[in-house]
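Close look at the chain arrangement
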Number of protein chains: 2
Amino acid sequence: VSTFNEYLKNRCSHIETLLDRHLPPALPTANQLHEAMRYAVLGGGKRLRPLLVYLTGEALGVRVEALDLPACAVELIHAYSLVHDDLPAMDNDDLRRGKPTCHKAYDEATAILTGDALQSLAFDLLAKTTPLLSAEQSLHMLKTLAVASGSSGMAGGQALDLLAAGRPSDATSIERLYHLKTGALIRASVDMGLIAKQDATTNQKAALGEYAHCLGLAFQIHDDIQDIESDVATLGKTPGNDQKNQKPTYPAVMGITAAKAQVRLLQHQAKAALFCLDAPGNYLGQLLDHVLT
Amino acid sequence: VSTFNEYLKNRCSHIETLLDRHLPPALPTANQLHEAMRYAVLGGGKRLRPLLVYLTGEALGVRVEALDLPACAVELIHAYSLVHDDLPAMDNDDLRRGKPTCHKAYDEATAILTGDALQSLAFDLLAKTTPLLSAEQSLHMLKTLAVASGSSGMAGGQALDLLAAGRPSDATSIERLYHLKTGALIRASVDMGLIAKQDATTNQKAALGEYAHCLGLAFQIHDDIQDIESDVATLGKTPGNDQKNQKPTYPAVMGITAAKAQVRLLQHQAKAALFCLDAPGNYLGQLLDHVLT
């Protein structure tokens, strides 16, 4: 376990360095937007999505440096989505990662533009030519991330989430929503790790697809449970927001005990999938325990 | 002139067909977000940016079909920027292209997500593999569009524009702001047309770069003049918004006569640049008259 924790620490610090390098510099003469972009991205967050890019690619023998751009890109997309989700017209949150949300630290207009510019930067990074990836691989990653971010993925899920507020729901609808809202980007992270490996086998694709599918759903249910059970210091954001916004979450609809059982079930399913990986998947397995407890 | 008008009509109808095809369908069971995306993009607009992609590429002998994806992509980016710019926290406009703005027709949350999803879709389209463009060309276009959209381009310009409201300004600052806010995407349109031509000459790149530079600036100043002099029926949006938002526009700072003279000067400069094109640039020239009068 200590080796895994060491790995996490190293990768997280590596990701922070890369994000810092790729974000526009916040010089005193520069656009304030640059500063707001750095504020929204740096110095916080679990970095789950970039970690998944690394863990997937590395399990398949891909070099770390070939994974740097997709890892940064997916984290920028995630960060942009948090900035926009926190806006007053959306979930109206004041606290994120233990700091005031972007529109609180700056203003709403800056927060809208910050999210917009972070999304552009994500695709800008993936469009960089690098000797470590073929142009076809970069395009494939771009396509994967764009589809996962858009109306058939994350943004579509967020729209469903807003519509669902205050309405009766059931486990099936909620799972469908979670697969879009949270699952799409988590699957894209794993898929980009797979794309970096030119000749991944059908077995490996199926195993990692199942892993990502289970993790995405489990992670969102776990997040909902935290929103009910945890405190502001642990969360870094204000708990109880789902209830305040009348969001039909999995624990709200199924009960907290069933929700916890479902997380455990999905965690086991995800681990079982790794048995078919034909590659060292132990760190991917340990990541499940790390993020779901 | 009638041939040029015929060309414009044909290309605009072609663009409309393509956008309709690439936007997600608004089935009764589909996400409302799809409908809002279609509302924000279809049935209106001058289509200046996609026209520039076609006019540039076609002047250099590129086949129309090789220009379809970049033409759609840049229009989606433009449409997303209008949806976000119109939001209450930004320019707070109620009318756009003769219809209620997206947040008026739907709501603010939907408008934010609509813009977000349109941006993703733009990059999704450019990441499509097509036999008409090499993967390297597609990546180069993606990079061009992403940089032009982001914090060093359009979004950066919009941030400066908001900061500039209510403050004294001068022609130099305003021109710098316009080159980002409006010019970046217009230059990207021309650049994508150039990228579609594998072996454009240095002369051609320089000539079209100068053309795009002048057109971008002239177009924004012309737009400012319209905002002062035109009526709601002609504009399709509420006039006088710049004054209401205390925007330091070129005509506000330099006077309307100087602003008009500047548009004419830039129009001549852009036409002069076309003399060095070594290719039939007459339609590019006629486009200037079409959009600047």
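Residues numbered from 1 in each chain as written. Chains lettered and ligands numbered in written order. Predicted model: local features only at pLDDT ≥ 70, side-chain atom pairs only at ≥ 80, totals over all residues. Heavy atoms only, no water.

1. With respect to the overall build of chain A
Put simply, the rule reads: Secondary structure elements are taken from DSSP: a helix is a run of H or I of four residues or more, a strand is a run of E of two residues or more, and numbering for both begins at the N terminus. The atom set for the radius of gyration is the C-alpha atoms, and the globule formula is 2.2 Å times the number of residues raised to the power 0.38. Burial status follows relative accessibility: with a 1.4 Å probe on protein chains alone, a residue under 20% of its type maximum counts as buried, one over 50% as exposed, and anything between as partly exposed. A contact between two residues is defined here by any heavy atoms of the two lying within 4.5 Å. The method behind every accessible area is Shrake-Rupley, applied with a 1.4 Å probe, and residues are considered shielded solely by the protein chains displayed.
Within chain A, the secondary structure is distributed over 15 helices and 2 strands. Expected size for 293 residues packed as a compact globule is a radius of gyration near 19 Å; at 18 Å, chain A falls within 12% of this value. Seen through its C-alpha atoms, chain A measures out along the principal axes to roughly 55 × 45 × 35 Å. With 293 residues in all, chain A has 59% of them scored as buried. Intrachain contacts of chain A at a sequence separation of at least 6 include 74% that bridge at least 24 residues. Carbon together with sulfur atoms contributes 53% to the accessible area of chain A, which is approximately 11400 Å² in total.

2. Digging into the nonpolar core
We apply this condition: Each nonpolar core is a collection of buried residues, namely Ala, Val, Leu, Ile, Met, Phe, Trp, Tyr and Cys, held together in the definition by side-chain atoms within 4.5 Å.
Ranked by size, the top nonpolar core spans 206 residues in total, and within it Tyr211 and Leu287 of chain A together with Tyr211 and Leu287 of chain B carry the most contacts. The contact partners of Tyr211 of chain A, leaving out residues within four places of it in the chain, are Leu52, Ala270, Ala273, Leu274, Leu284, Leu287 and Leu288 of chain A.

3. So, the interface of chain A and chain B
Filter applied, for reference: The term buried area means the drop in 1.4 Å probe accessible area that two parts suffer when joined, counted for both and summed. For salt bridges, the criterion is a side-chain nitrogen of Lys or Arg within 4 Å of an Asp or Glu carboxyl oxygen.
The interface is formed by 43 residues belonging to chain A together with 42 residues belonging to chain B. In this assembly, chain A packs against chain B so that about 3400 Å² is buried in total across both faces, 68% of it on carbon and sulfur atoms. Looking at the side of chain A facing chain B, the largest losses of area belong to Leu113, Leu139 and Ser151 of chain A, adding up to 17% of the total buried there. Run the count over chain A and chain B and you get 2 salt bridges.

4. Structural notes on helix α2 (residues 32-41) of chain A
The buried fraction of α2 of chain A amounts to 7 of the 10 residues, a majority that puts the element mostly inside the structure. Looking at α2 of chain A, one finds that the buried residues are Leu33, His34, Ala36, Met37, Arg38, Ala40 and Val41 of chain A. Summarising the contacts, the buried residues of α2 of chain A are in contact with α1 (2-22), α4 (68-85), α5 (102-105) and α6 (108-126) of chain A together with α8 (154-164) of chain B. Taken from the residues just after α2 of chain A, Gly43 of chain A is the one with a positive phi, measuring 70 degrees.

5. Digging into the pattern of salt bridges
Residue and element names in this part refer to chain B. Summed over all chains, the structure comprises 30 salt bridges over all chains. Across the pair Asp161 and Lys181 runs a salt bridge, and its minimum N-O distance is 3.7 Å. Of the two residues, Asp161 is situated in helix α8 and Lys181 in helix α9 (residues 171-196); the sequence distance between them amounts to 20 residues. Of the charged contacts, one joins Asp161 and Lys247 as a salt bridge, the two residues approaching to 2.9 Å between their closest N and O atoms. One end of the pair, Asp161, is in helix α8; the other, Lys247, is in the loop between α12 (241-244) and α13 (250-254), with 86 residues separating them in the sequence. Given the relative accessible area of 5%, Asp161 is considered buried.

6. Focus on the side chain of Ser151 of chain B
Of note, Ser151 of chain B is situated in the loop between α7 (135-149) and α8. Judged by its relative accessible area of 11%, Ser151 of chain B falls in the buried class. The contacts of Ser151 of chain B, once residues within four sequence positions are left out, are Pro24, Leu33, His34, Met37 and Ala117 of chain A together with Gly156 of chain B.

7. Things to note about the confidence of the model for chain A
The condition is simple: Residue-level confidence of the predictor is summarised by pLDDT, bounded by 0 at the bottom and 100 at the top.
Averaged over every residue, the pLDDT of chain A is 94; the share at 70 or more is 100%. Both confidence scores are given for the complex: pTM 0.97, ipTM 0.96.

8. Observations regarding the environment of Leu235 of chain A
Residues and elements named next belong to chain A. Looking at the secondary structure, you find Leu235 in helix α11 (residues 232-235). For the pair Leu235 and Gln262, spaced 27 residues apart in sequence, the C-alpha separation works out to 21 Å. Dropping the residues within four chain positions of it, Leu235 is found in contact with Gln226, Asp227 and Ser230.

9. A look at the relation of the copies chain A and chain B
Mapping between the two copies of the chain is achieved by a rotation about an axis and a shift along the axis. To be explicit about the condition: The fit set for superposing copies consists of C-alpha atoms from residues with pLDDT of at least 70 in both; the fit itself is least squares.
Once turned by 180 degrees and shifted 0.0 Å along the axis, chain A lies on chain B with an RMSD of 0.0 Å. Such a combination of rotation and displacement between the chain copies is what one expects of a two-fold axis. For chain A, the smallest separation between a C-alpha atom and the rotation axis is recorded for Ala135 of chain A, amounting to 2.7 Å. Comparing contact sets, 98% of the residues at the interface of chain A also lie at the interface in chain B, consistent with an isologous, same-surface contact.

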